[in-house]
Amino acid sequence: MSSLGERVAEFVRRWNLLPIAMAFLLGRASILDELSPFIVPYFMVMYYIRRDCLTVSGLALLAGAFTLSVPIGIEAAISLAVAFAACKLSERFRRKDFSFTPLIVLVTVFVSHLLFEVMTNQITTYGVVMVGVESVLSFVLTLIFIQSLSIIHLAKPYEPLKNEEIVCLVILLASLMTGTVGWMIQGISMEHVLSRYLLVLFAFVGGGTVGAAVGVVTGLILSLADVSALQQINLLAFSGLLAGLLKEGGKLGVSAGLLIGTSIIAIYAGADNTLYPSLIETSLAVALFIATPASLWKKVSRFIPGTHENLQSHQEYMRRVRDVTASKIQKFSELFTQLSRSFAQTAETPGGEEQVEAFLGGVTESTCQRCWKRAQCWERDAPLTYEAMRSMMETVHEQGSLKGTPLPKEWERKCVKTSKVVAAVEREYERHVTFDQLKKQIRESRKLVADQLSGVSRVMSDFAREIKREGIELSFQEKQVSRALEGLGLSIRRVDIHSLEEGKVDIEISQPTCYGRDECAKVVAPMLTEILGENIVVKERHCDAFRDGTCKMCLSSARTFEIDIGVAGAAKGGKLLSGDSFKTMDLGNGQMALAISDGMGNGERAFMESQSALDMLQQLLQSGIDEKLAIKTVNAVLSLRSTDEIFATVDLALVDLQTARTRFVKIGSTPSFIKRGNEVITVTASNLPAGILDDIDVDVVTRTLKPGDLLIMMTDGIYEAPRHIENRQMWMKRLISELETDNPQDVADLLLEKVIRHHYGEIVDDMTVLVAKVERFVPEWSAIQVMGVEKVERPRIVS
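The text that follows walks through the structure, step by step, so that each part is easy to find. (Residues numbered from 1 in each chain as written. Predicted model: local features only at pLDDT ≥ 70, side-chain atom pairs only at ≥ 80, totals over all residues. Heavy atoms only, no water.)

**Notes on the sheet that holds strand β9 (residues 591-599)**
For step 1, the next point in the chain: If you trace the five strands from one edge of the open sheet to the other, you get β8-β9-β10-β11-β14, paired in antiparallel fashion. A strand with exactly one partner marks an edge of an open sheet, and here the two such strands are β8 (580-586) and β14 (700-704). Across the sheet, the mean angle separating the axes of adjacent strands is 15° when strand polarity is ignored.
For step 2, the next point in the chain: The sheet contact formed by strand β10 (residues 648-656) and strand β11 (residues 661-667) spans six bridges and is antiparallel. By the bridge assignment, Leu654 is partnered in β11 with Arg663.
For step 3, the next point in the chain: Of the strands in this sheet, β8, β9 and β10 are in contact with helix α23 (residues 603-622), which crosses β8 at around 15°. (Pairing = 2+ DSSP bridges. Helix = DSSP H or I, 4+ residues; strand = E, 2+ residues; numbered from the N terminus. Axes fitted to C-alpha atoms, helices over the stretch in contact; angles between N-to-C directions. Contact = heavy atoms within 4.5 Å.)

**Remarks on the sheet that holds strand β7 (residues 561-570)**
For step 1, the next point in the chain: Taken in spatial order, the five strands line up as β7-β16-β15-β12-β13 in an open sheet, and their pairing is antiparallel. Of all the strands in the sheet, just β7 and β13 (679-683) have a single pairing partner and so form its edges. Averaged over neighbouring strand pairs, the angle between their axes works out to 20° when direction is ignored.
For step 2, the next point in the chain: Taken strand by strand, helix α26 (residues 728-737) contacts β12 (672-676), β13 and β15 (710-714), and its axis lies near 35° from that of β12.
For step 3, the next point in the chain: With respect to the sheet, helix α27 (residues 744-758) is in contact with β7, β15 and β16 (767-776), its orientation differing from that of β7 by roughly 25°.

**Points about the pattern of salt bridges**
For step 1, the next point in the chain: Overall, the coordinates contain twelve salt bridges when judged by the stated rule.
For step 2, the next point in the chain: The residue Glu508 makes a salt bridge to Lys552 at a minimum N-O spacing of 3.3 Å. A residue pair is termed long-range when its members are at least 10 positions apart, and Glu508 in strand β4 (residues 506-512) and Lys552 in strand β6 (residues 550-557) qualify at 44 residues.
For step 3, the next point in the chain: Note that Asp651 is salt-bridged to Lys666, the shortest N-O span being 2.8 Å. Taken together, the residues Asp651 in strand β10 and Lys666 in strand β11 connect sequence positions 15 residues apart. (Salt bridge = Lys/Arg side-chain N within 4 Å of Asp/Glu carboxyl O.)

**A few points about the packing of helix α2 (residues 17-28) against helix α8 (residues 163-178)**
For step 1, the next point in the chain: Two numbers describe how α2 lies on α8: the axes approach to 7 Å, and their chain directions differ by 65°. Considering the angle they form, α2 stands roughly perpendicular to α8. The hand of the α2/α8 crossing is left-handed. On α8, the residues that touch Met22, Leu25 and Leu26 of α2 are Leu172, Ser175 and Leu176.
For step 2, the next point in the chain: Split into classes, the residues belonging to the contact of α2 with α8 amount to five nonpolar, one polar and no charged. (Parallel < 35°, antiparallel > 145°, perpendicular 65-115°, else oblique. Left-handed = near helix turned anticlockwise from the far one by under 90°. Nonpolar A, V, L, I, M, F, W, Y, C, P; charged D, E, K, R; others polar.)

**Things to note about the packing of aromatic side chains**
For step 1, the next point in the chain: Considering all chains together, one arrives at four aromatic pairs under this definition.
For step 2, the next point in the chain: Relative to Tyr48, the ring of Tyr47 lies with its centre 5.3 Å away and its plane at 85°, an arrangement referred to as edge-to-face.
For step 3, the next point in the chain: In this structure Tyr47 comes out as buried when scored by relative accessible area, which is 1%.
For step 4, the next point in the chain: Considering the side-chain rings of Tyr47 and Phe84, the 6.4 Å spacing of their centres and the 85° angle between planes classify their relative orientation as edge-to-face. Here the residue Tyr47 occupies a position in helix α3 (residues 39-49), and Phe84 occupies one in helix α5 (residues 70-92), the gap between them amounting to 37 residues.
For step 5, the next point in the chain: Classification of Phe84 by relative accessible area gives partly exposed; the value is 37%.
For step 6, the next point in the chain: Following the ring pairs from residue to residue traces out a cluster consisting of Tyr47, Tyr48 and Phe84.
For step 7, the next point in the chain: Note that Arg559 overlies the ring of Phe777, its terminal NZ or CZ placed 5.8 Å from the centroid. (Phe/Tyr/Trp six-rings, centres within 6.5 Å; stacked < 30°, edge-to-face > 60°. Buried < 20%, exposed > 50% of the residue type's maximum accessible area, 1.4 Å probe, protein only. Lys NZ or Arg CZ within 6 Å of the ring centre and 35° of its normal.)

**Quick look at empty space enclosed by the protein**
For step 1, the next point in the chain: The tally for this structure, following the rule as stated, stands at four cavities of 30 Å³ or more.
For step 2, the next point in the chain: There is about 110 Å³ of room inside the largest cavity.
For step 3, the next point in the chain: Going through the elements one at a time, α17 (374-380), α18 (382-399) and α19 (409-414) are the ones with two or more residues in the lining of the largest cavity.
For step 4, the next point in the chain: The residue makeup of the lining of the largest cavity, split by class, is nine nonpolar, two polar and four charged. (1 Å grid on protein atoms, 1.4 Å probe; cavity = no way out; pocket = protein on both sides within 12 Å on 5 of 7 lines; lining within 4 Å. Points joined across faces, edges and corners; volume = space filled by probe spheres on them.)

**Re the side chain of Asp709**
For step 1, the next point in the chain: Secondary-structure assignment places Asp709 in the loop between β14 and β15.
For step 2, the next point in the chain: Asp709 sits in the buried class, given a relative accessible area of 2%.
For step 3, the next point in the chain: Side chain to side chain, Asp709 and Arg676 meet in a polar contact 2.8 Å long.
For step 4, the next point in the chain: Asp709 has contacts with Ile674, Lys675, Arg676, Ala772, Lys773 and Val774, leaving out every residue within four places of it along the chain. (Polar contact = N/O pair within 3.5 Å; in protein donor to acceptor, adjacent residues only side chain to side chain.)

**So, a nonpolar patch on the surface**
For step 1, the next point in the chain: Residues Val107, Phe110, Val111, Val118, Ile123 and Val128 make up a contiguous nonpolar surface patch of roughly 470 Å² in combined accessible area.
For step 2, the next point in the chain: By residue number, the principal contributor to the nonpolar patch is helix α6 (residues 101-119), which donates four residues.
For step 3, the next point in the chain: Of note, Ile123 is situated in the loop between α6 and α7 (125-154). (Patch = residues over 30% accessible without salt bridge, like charges linked within 9 Å, V, L, I, M, F, W, Y side chains within 5 Å. Areas by Shrake-Rupley, 256 points an atom, 1.4 Å probe, with all protein chains shown as cover.)

**Remarks on the pairing of β9**
For step 1, the next point in the chain: The buried fraction of β9 is high, at nine of nine residues.
For step 2, the next point in the chain: Neither face of β9 is open: one carries Gln591, Ala593, Ala595, Ser597 and Gly599, the other Met592, Leu594, Ile596 and Asp598, and all of them are buried.
For step 3, the next point in the chain: Pairing of β8 with β9 involves seven bridges; the strand directions are antiparallel. Counterpart to Asp586 in the pairing with β9 is Met592.
For step 4, the next point in the chain: Between β8 and β9, which pair antiparallel one after the other, the connecting turn spans four residues, and Gly588 there sits at a positive phi close to 80°.
For step 5, the next point in the chain: Taken together, the nine bridges between β9 and β10 define a ladder with antiparallel strand orientation. Its bridge partner being in β10, Ser597 is matched across the sheet by Val650.

**A word on unusual backbone geometry**
For step 1, the next point in the chain: Phi is positive for Ala660, which is not a glycine, with a value near 65°.
For step 2, the next point in the chain: Within the secondary structure, Ala660 is located in the loop between β10 and β11.

**Some details on the environment of Val680**
For step 1, the next point in the chain: Considering the arrangement of structural elements, one finds Val680 in strand β13.
For step 2, the next point in the chain: Given a relative accessible area of 12%, Val680 falls into the buried group.
For step 3, the next point in the chain: Each C-alpha atom, one on Val680 and one on Ile736, is 7.4 Å from the other, the two residues being 56 residues apart in sequence.
For step 4, the next point in the chain: When sequence neighbours within four positions are dropped, the list of residues in contact with Val680 reads Phe673, Ile674, Lys675, Lys733, Ile736 and Ser737.

**Considerations on α5**
For step 1, the next point in the chain: Along its 23 residues, α5 runs 34 Å from first to last C-alpha, staying within 8% of the 33 Å computed at 1.5 Å per residue.
For step 2, the next point in the chain: Taken together, the buried positions of α5 are occupied by Gly73, Glu75, Ala76, Ile78, Ser79, Leu80, Ala83, Ala86, Cys87, Ser90 and Glu91.
For step 3, the next point in the chain: Where α5 is buried, its residues touch α3, α4 (54-68) and α6.
For step 4, the next point in the chain: One side-chain oxygen at the N-terminal end of α5 lies 3.4 Å from the backbone nitrogen of Ile72; it belongs to Ser69. (Expected span 1.5 Å × (residues − 1).)

Set out below in C-alpha cells:
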C-alpha cells in the first residue's frame, strides 16, 4: 500500500497534477455569481513560486473559466495577458519577490476587467463599482495565497503553522471547493461532500478548536459562492466542533461527531426534504475519510502545532541538527588531535659525529680558513690537527673553559694562531650552549602546546558524545513519570527528561504552586527514587517562577557521598592578608575538587599568585580538562608570564562523590593525611612548586576514602612549624591521632591552635589547614516509600 501511494504521489508530482487541478477549480470559482477574483492572484503567486508549471496552470485557469461561460473565459484571458505583462515589467525593475505583488494584482484586475467592460460596451456605474470590489477581493486573496501556496509548495515538514497560516490554508481549500458548486450526482452535492470531508480531516488532526475554525471559514466562503447555502456556516462550525471534541475516539469518534452534528442542524432547520440528502452527503464524506491513507492525514498533522506528528517531526529535525553539530565538533576534535601529533613530533637531534663536525666547522671558519698554514695543518697534518681540535672541544664541554688547561703540545708547536683558536673554541662552546637551551625551550613549548591541544580535543570529543546522548527519545518515560505523579494526586503540567543514565539523571517538572508545602522534596523526589531505583534529590527549584503560579523543579541523581568542609588559617605575624589560598570546587560531573595553594613569600604578592593559580586551575578543571594537563598548564603560565622567580605550591584532591575514590596531585606541597578512626594515613608526592621549572612530571596518587574518613590538607606553615623536630611527618600524625573530635571545623581549629601554641602564640608563617569529612548521603525524605508505581525502563545508551 505504501509503495502504491508513493507511486501515485510521484505520478502527481511528475505531471504537475496538483497545480493543474487547483488552477482549474479556481478558474471555475466565483462569488455572488458574477465575481471571479481567484484567477489573477493564483497566476501571479505561481509566477514566483512554481514558474516551471506556469503555462499549464494558466491553461487550466482558462479552461475552468470557459466552463462557466465564454465571456468569463475571454475576460480571464485578458486578465492573464495583462498579469503576465505586469510580471515581466516588474522584473525589469528587479522586483522578484512578493513585496509589491498585491498592489500589482489590484491594478492588473482593475485595468483588465475595465478594459473588458469597454470592449463589450457594457460600462456602467454599477459595473465599475463591481470591478473595484473584485480588485479589492483579489488584493486580499493575493495576501492569502502567498501564505497558503507557499505552505503547499515550499513549506518544510518540521515547521509548525501559525494560526493565521492555518486560516489562509483553509480559505484556499474552501476557494477550491467553490469551483465544485453546482456539481450534482443523483441529487448529492459534491460541494457538501468535499467540505465535510475537509472538515472531518482537520477535526481529526487538530481537535475541536481547529475543527470549529475550519467549519466557520469553509461555510463562509461557500455561502459567498452560493447565497442559498447560508446555513452551511452553522452546520459546518457545529459539526467541526463536535467532531473535534470526539477526537480521542479515533476515526470512529470523529465520524460519529460529524454525523451527529450535521443531523442536529438538519433537524433544527426543519426541512424534512434536506435531512436524507444531508445524511447521505455526510456518510460519503465519512467513507472518504475512513478510506484516506494514514500517510495523508499524518502529513497534514505535521503542520498543525501541538500534534504528535508535528512534535515528532520537530524532534527529527532537532535530532538531525544535533547529529550534524556533534559530527562537526567531532571533526574539530580530530583536527586538534592531528595538530597535537604534529606538535609532538620533534625534529631528530644530530648525532655525536655530526655535532663534532658542526662545532669544528664553526671554529675553523673564523680561524683556519684565513691562515697561511691552512694547507699544511689540514692536508699534510690533518689527523694531528683534527685530534687536537677534538680534544679541546671535549675539554671545554667538560670544564666550560680552556683557561689553565694544557693544550696538545704537537699542535701548539705548529699552530701560529693558538690564542685565536682557543678563543674561538670557547666562543663556539658558548654559542652551542645557548643554542641547545633555545632548542630545549622550543621542544618544551611544543610539548606543552601538544598536551593542551590533546586536552581540548578530548573535551570536544566528550562534548560531541554528550550531544548525541541527548538525542535519545524519552517521551514514553516522560508519560510514565507524569502518570505516576498524577496518580499521587499532583497536577503535573510538563515533564522533561534530559537524561536517564544511571548516576546522571536530569529531569525537569512543572506543576502549579504548592504554596510552600515542599512537594518536590517530600513527594516527587521519593517517587522518582522508587521508580528509577536510585536516590533522586531536588537540585534546583523555582517556586512561582511564572505569573500563572507555575513552579519548576529540577531533579537529579543523588550523590552516594557528601563532604563537610572545615577551614582555618592565619597570616604571618597576625596580619590580615595571607599568602595561602584555598578553594572547594563542584566540577558538575559528580566530582568535587579541594585545593590549597601557597604563594612564594607572604602578603599581597603571595596571595595574588596563589589565588591566580587556583582560579586558573578551577577554570581548567570545570571545562573538562584532565587534572595532569591542568596542573601543567598552570605551571607553564606561572613560569612564562614573568621574568621574576615566582612560584606557588598546589595541593589538589579530586573526590568522586559516587565512589569516594580520590586522586591527589601535589606540586611542591606538604603531605596530606587521612584519619580513619585511630589510624592516620599519609599521602605524599615529590614535585617541585609550580613555576620553577618549564616542564614538570605530574604524579597522581589514588586513594579510596570510606564513610567517616577525615581528609586533612595543609600548607607548610602548619606542617613545618616544629623547627627542632626532625621527623615532622610522625609529629603531625601523632597530633592528628590525638584529636578526639571528628567535626571538620573543630579539627581545623584545633590543629591551627596547637601549632600556634607550639610557638608560644607567635605566627611564624602563613598557615592554612583544610579538613573534609566524607559521609554517606542520606536524602531528607528518604524514609518515604511510594508503593505500586510502575518502574521506568531506562533506554540503552550506545556511545
